[in-house]
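Chains, contacts and geometry: an overview
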Amino acid sequence: MKLNYYPETDSLYIDLSSGVSADSIEISEGIVVDYDASGKVVGIDIDNASHKLELKELILTKLPLEKQKLSA
């Protein structure tokens, strides 16, 4: 899973898997869910993210991580 924030557009994209998006559905204003060809959710795009989410803090709790990488 990857969280990618784009400050120039104030959007956050959450990559949930390495699958390729085949379809997208806007589930709420400015929130789009991407699905692969079999209907599995592969990503979530959130426009105006700083107005919809608390982006100043990220807390990970009890995730079975094999790898953790932080980048600016």
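These lines cover the structure that appears in this document, whether it is placed above or below.

What counts, and at which threshold
Residues numbered from 1 in each chain as written. Predicted model: local features only at pLDDT ≥ 70, side-chain atom pairs only at ≥ 80, totals over all residues. Heavy atoms only, no water. Pairing = 2+ DSSP bridges. Helix = DSSP H or I, 4+ residues; strand = E, 2+ residues; numbered from the N terminus. Axes fitted to C-alpha atoms, helices over the stretch in contact; angles between N-to-C directions. Buried < 20%, exposed > 50% of the residue type's maximum accessible area, 1.4 Å probe, protein only. Polar contact = N/O pair within 3.5 Å; in protein donor to acceptor, adjacent residues only side chain to side chain. Contact = heavy atoms within 4.5 Å. Lys, Arg positive; Asp, Glu negative; His and termini not counted. Salt bridge = Lys/Arg side-chain N within 4 Å of Asp/Glu carboxyl O.

1. What about the sheet that holds strand S1 (residues 2-6)?
Taken together, the five strands give an open sheet; going across it, the order is S1-S2-S5-S4-S3, and neighbouring strands pair in antiparallel fashion. The two strands at the open ends of the sheet, each matched to only one other strand, are S1 and strand S3 (23-28). Here the average twist between neighbouring strands, direction ignored, is 20 degrees. Of the pairings in the sheet, the one linking S1 to strand S2 (residues 11-15) comprises five bridges and is antiparallel in character. Bridged to Tyr6 within S2 is Ser11.

2. Focus on the side chain of Ser11
Among the secondary structure elements, Ser11 is positioned in strand S2. The exposure class assigned to Ser11 is buried, which follows from its relative accessible area of 8%. In terms of polar contacts, Ser11 uses its side chain to reach the side chain of Thr9, at 2.8 Å. Those residues in contact with Ser11, other than ones at most four positions away along the chain, are Asn4, Tyr5, Tyr6, Asp45, Ile46, Asp47 and Ala49.

3. Structural notes on the side chain of Asp34
Turning to its location among the elements, Asp34 is positioned in strand S4 (residues 31-35). Lacking a salt bridge, the buried Asp34 has Lys2 as its closest oppositely charged neighbour, with an N-O distance of 14 Å. Once residues lying within four places of it in the same chain are set aside, the contact partners of Asp34 are Tyr13, Ser21, Asp23, Ser24, Lys40, Val41, Val42 and Gly43.

4. Let's talk about the environment of Ser38
Within the element layout of this structure, Ser38 appears in the loop between S4 and strand S5 (41-46). By relative accessible area, Ser38 is classed as exposed at 65%. Within the local environment of Ser38, its side chain forms a polar contact with the side chain of Asp36, the two groups lying 2.9 Å apart.

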